[in-house]
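Commentary on secondary and tertiary structure
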Amino acid sequence: FFGHLRTINHHKWLVMQHCFRLGLYRQGLLHDMSKYSLVEFLPGIKYYQGNRSPNEAERTEKGYSAAWLHHKGRNKHHMEYWIDYPGNGKAMEGVEMPLCYVAEMFCDRVAASKTYLKDQYHDGSPWEYYAQRHDHYWLHPNTRNILETMLQTLRDQGEEKAFSYIRKEILNK
């Protein structure tokens, strides 16, 4: 119980700090509140490991994660929230995400990397995690380009430059 609670509180604290740096105060305060709901919190306790998301362990055991299905449908900073049918009878595809949620997704990825990697974290860690999986992400091309630019800026130029770039060039703040 306490390990999972500590992990999500730490993650949420980091995301809040990162969102505040971008001027996304409301998003920083409200980020991942659904993790405290019973449908997400109880599996988090049961599958807690401390070094990766409990959703992965639930998925391994059951073939799906009910906690993740609940979470992604309520949190607009997840790309999976933005998958829909295009309305022309074609297959589902990624819908272009509003920039404020792409920025929150960036903050979420950085915070998750810091939370789970601890002392092993470096500015390239969020990019490395993304790059290992990017070929199966359903992202709108514009959203993909913006997210990749954010992650590459962090990797290549560091945290200060990345947050400054996102705030000034992406969010125009």
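The structure under discussion appears in the preceding block.
Residues numbered from 1 in each chain as written. Predicted model: local features only at pLDDT ≥ 70, side-chain atom pairs only at ≥ 80, totals over all residues. Heavy atoms only, no water.

**Some points on the overall build of the protein chain**
Each helix and strand counted, the protein chain has nine helices and two strands in total. Starting at the N terminus and ending at the C terminus, the protein chain contains elements arranged as α-α-α-α-α-β-β-α-α-α-α. Compactness check: the protein chain gives a C-alpha radius of gyration of 16 Å against a globular reference of 16 Å for 173 residues, within 12% of the reference. Each of the three principal axes of the protein chain carries a C-alpha extent, and together these read 45 × 40 × 30 Å. Within the protein chain, the proportion of its 173 residues that are buried is 45%. Residue pairs at least 24 apart in sequence account for 60% of intrachain contacts in the protein chain once pairs closer than 6 positions are excluded. In the structure as shown, the protein chain presents an accessible area of about 9500 Å², 53% of it carried by carbon and sulfur atoms. (Helix = DSSP H or I, 4+ residues; strand = E, 2+ residues; numbered from the N terminus. Rg over C-alpha atoms; globule rule 2.2 N^0.38 Å. Buried < 20%, exposed > 50% of the residue type's maximum accessible area, 1.4 Å probe, protein only. Contact = heavy atoms within 4.5 Å. Areas by Shrake-Rupley, 256 points an atom, 1.4 Å probe, with all protein chains shown as cover.)

**Side note on unusual backbone geometry**
Of note, Asp 32 is a non-glycine position whose phi angle comes to about 55°, a positive value. Summarising the element assignment, Asp 32 is placed in the loop between α2 (25-30) and α3 (38-46). Of note in this structure, Asn 172 is not a glycine but carries a positive phi near 55°.

**Section: the environment of Cys 19**
Within the secondary structure layout, Cys 19 lies in helix α1 (residues 2-21). Looking at Cys 19, the relative accessible area reads 0%, which means it is buried. Between the C-alpha atoms of Cys 19 and Ala 103, which are 84 residues apart in sequence, the distance is 7.9 Å. Other than its neighbours up to four places away in sequence, Cys 19 contacts Leu 24, Gln 27, Gly 28, Glu 104 and Cys 107.

**Remarks on the side chain of Arg 109**
With respect to the helices and strands, the residue Arg 109 is situated in helix α6 (residues 99-117). Glu 80 is the oppositely charged side chain nearest to the buried, salt-bridge-free Arg 109, at an N-O distance of 6.1 Å. Beyond its immediate sequence surroundings of up to four residues, Arg 109 is in contact with Met 79, Pro 126, Tyr 129, Tyr 130, Tyr 137 and Leu 147. (Lys, Arg positive; Asp, Glu negative; His and termini not counted. Salt bridge = Lys/Arg side-chain N within 4 Å of Asp/Glu carboxyl O.)

**Observations concerning the packing of α1 against α3**
Between α1 and α3, the least distance of the axes is 8 Å, while the angle of their chain directions is 120°. Between α1 and α3, the interaxial angle falls into the category oblique. Between α1 and α3 the crossing geometry is right-handed. Of the residues in α3, those in contact with His 4, Leu 5 and Ile 8 of α1 are Glu 40, Phe 41, Gly 44 and Ile 45. Taken together, the residues of the contact of α1 with α3 break down into four nonpolar, two polar and one charged. (Axes fitted to C-alpha atoms, helices over the stretch in contact; angles between N-to-C directions. Parallel < 35°, antiparallel > 145°, perpendicular 65-115°, else oblique. Left-handed = near helix turned anticlockwise from the far one by under 90°. Nonpolar A, V, L, I, M, F, W, Y, C, P; charged D, E, K, R; others polar.)

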